[in-house]
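# Secondary and tertiary structure notes
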Amino acid sequence: MDNKDRDREQDLLTLTHTGDEYNRYMNAVVPPIFMNSLHAYDSVEEYNSVDVFADDSFIYGRDGNPTVHLLERKIAELEHGSRAVVFSSGMAAFSAAVMATCKAGSHVICMKNTYVPAQRLFSTVLGPKFGMTVTYVDGTDLQEIEDAVQENTDLMILESPATYIFKVVDLKAIAEIAHRRGFKTYIDNSCLTPIFQKPLDLGIDIVMHTMSKFMGGHSDIIGGVLVSKDEELMRTVMTQERELFGG
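A quick note: this is a predicted structure, and the numbers were derived from the prediction, not measured. (Residues numbered from 1 in each chain as written. Predicted model: local features only at pLDDT ≥ 70, side-chain atom pairs only at ≥ 80, totals over all residues. Heavy atoms only, no water.)

In terms of regular secondary structure, the protein chain is built from 9 helices and 7 strands. Over its C-alpha atoms the protein chain spans a radius of gyration of 19 Å, differing by no more than 12% from the 18 Å that the globule rule assigns to 247 residues. In terms of its C-alpha atoms, the protein chain occupies a principal-axis envelope of roughly 55 × 50 × 35 Å. By residue count, 45% of the 247 residues in the protein chain fall in the buried class. Pairs at least 24 residues apart make up 67% of the contacts formed inside the protein chain by residues separated by at least 6 positions. Only carbon and sulfur atoms are counted for the fraction: they give 55% of the accessible area of the protein chain, which is about 12,800 Å². For the protein chain, the distance from the average position of its 22 positive side-chain charges to the average position of its 36 negative side-chain charges is 4 Å. (Helix = DSSP H or I, 4+ residues; strand = E, 2+ residues; numbered from the N terminus. Rg over C-alpha atoms; globule rule 2.2 N^0.38 Å. Buried < 20%, exposed > 50% of the residue type's maximum accessible area, 1.4 Å probe, protein only. Contact = heavy atoms within 4.5 Å. Areas by Shrake-Rupley, 256 points an atom, 1.4 Å probe, with all protein chains shown as cover. Lys, Arg positive; Asp, Glu negative; His and termini not counted. Charge placed at Lys NZ, Arg CZ, Asp CG, Glu CD.)

This is the structure we're talking about:
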């Protein structure tokens, strides 16, 4: 068995068995779907001490949910990330990634062939209202990326294979540039899913999936997810961007 076969076997085990903790769910073979909005506690003090970032700590459905947490665990394992955070849509996840890594006046480098609504967010909201600027690059020319970096560059947005034209870029080389020049990298990995590409292993900081695409597979769900190896970044994403913006 070669390395690829071992990886596929591990991915299959993750998909089928992560979360199979029968003793927690009255020995149910399939974990139940939790539909409650609230979780009750015996005292105000106990409620106030809950850390929603911790495993099995839930208060309100917008902050987290046991069923959603199982999905997050599976995706984090598949992507080799430390934490995944699920959103109500891919755009909610994308917006959260931008807000977690950028600020008013930030400069962003973006591949030209990325998801059009993501580009429109900059041209209609983040640029006019928050003074953020974007430099669009091809993505295959590493020198063009080096030349695009500015003092206030905080993020590079990638999509590989890219929307419509399936352009592939050198993620490892781009991640090395970003780490050296001090900005974060984000990739839409919806096309290949973690089964066929694990960008975090190549040095990318944040992976996003629009779950209505290949991860869902049947055009019957809408959702988004962010994954990273950076626990502190994911805490910010979960407890600020998701909770406070309601994504």
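More follows now that the structure is in view.
The next thing to look at is the packing of aromatic side chains. Two aromatic rings, taken as a pair, are described by how far apart their centres are and by the angle between their planes. In total, this model carries 4 aromatic pairs according to the counting rule given. Ring plane angle 70 degrees and centroid distance 6.3 Å describe the contact between Tyr41 and Tyr47, whose orientation is recorded as edge-to-face. Taking the relative accessible area as the measure of exposure, Tyr41 reaches 27% and is therefore partly exposed. Here the aromatic rings of Phe94 and Phe122 are separated by 6.3 Å at their centres, their planes lie at 75 degrees, and the arrangement is edge-to-face. Here Phe122 lies in helix α5 (residues 116-130) and Phe94 lies in helix α4 (residues 90-101), a separation of 28 residues in the sequence. Residue Phe94 shares its accessibility class with Phe122, and that shared class is buried. These aromatic residues form a ring-pair network of at least three members: Phe94, Phe122 and Tyr186. We note Arg83 situated over the ring of Phe53; from NZ or CZ to the ring centre the distance is 3.8 Å. (Phe/Tyr/Trp six-rings, centres within 6.5 Å; stacked < 30°, edge-to-face > 60°. Lys NZ or Arg CZ within 6 Å of the ring centre and 35° of its normal.)

An order of β1-β7-β6-β5-β4-β2-β3 is seen for the 7 strands of this open sheet, with the pairing classed as mixed. Two strands in the sheet have a free side with no partner beyond their single neighbour: β1 (83-87) and β3 (133-137). For this sheet the average axis-to-axis angle between neighbouring strands, irrespective of direction, equals 20 degrees. Helix α9 (residues 231-245) contacts β1, β6 (206-210) and β7 (224-228) of the sheet and is inclined by roughly 20 degrees relative to β1. (Pairing = 2+ DSSP bridges. Axes fitted to C-alpha atoms, helices over the stretch in contact; angles between N-to-C directions.)

Looking now at the side chain of Thr101. Looking at the element boundaries, Thr101 is found in helix α4. Judged by relative accessible area, Thr101 falls into the buried class, the value being 14%. Among all residues touching Thr101, those that are not within four sequence positions of it are Asp154, Leu155, Lys184, Ile206 and Leu233.

Function cannot be read off these values alone, since they describe shape.
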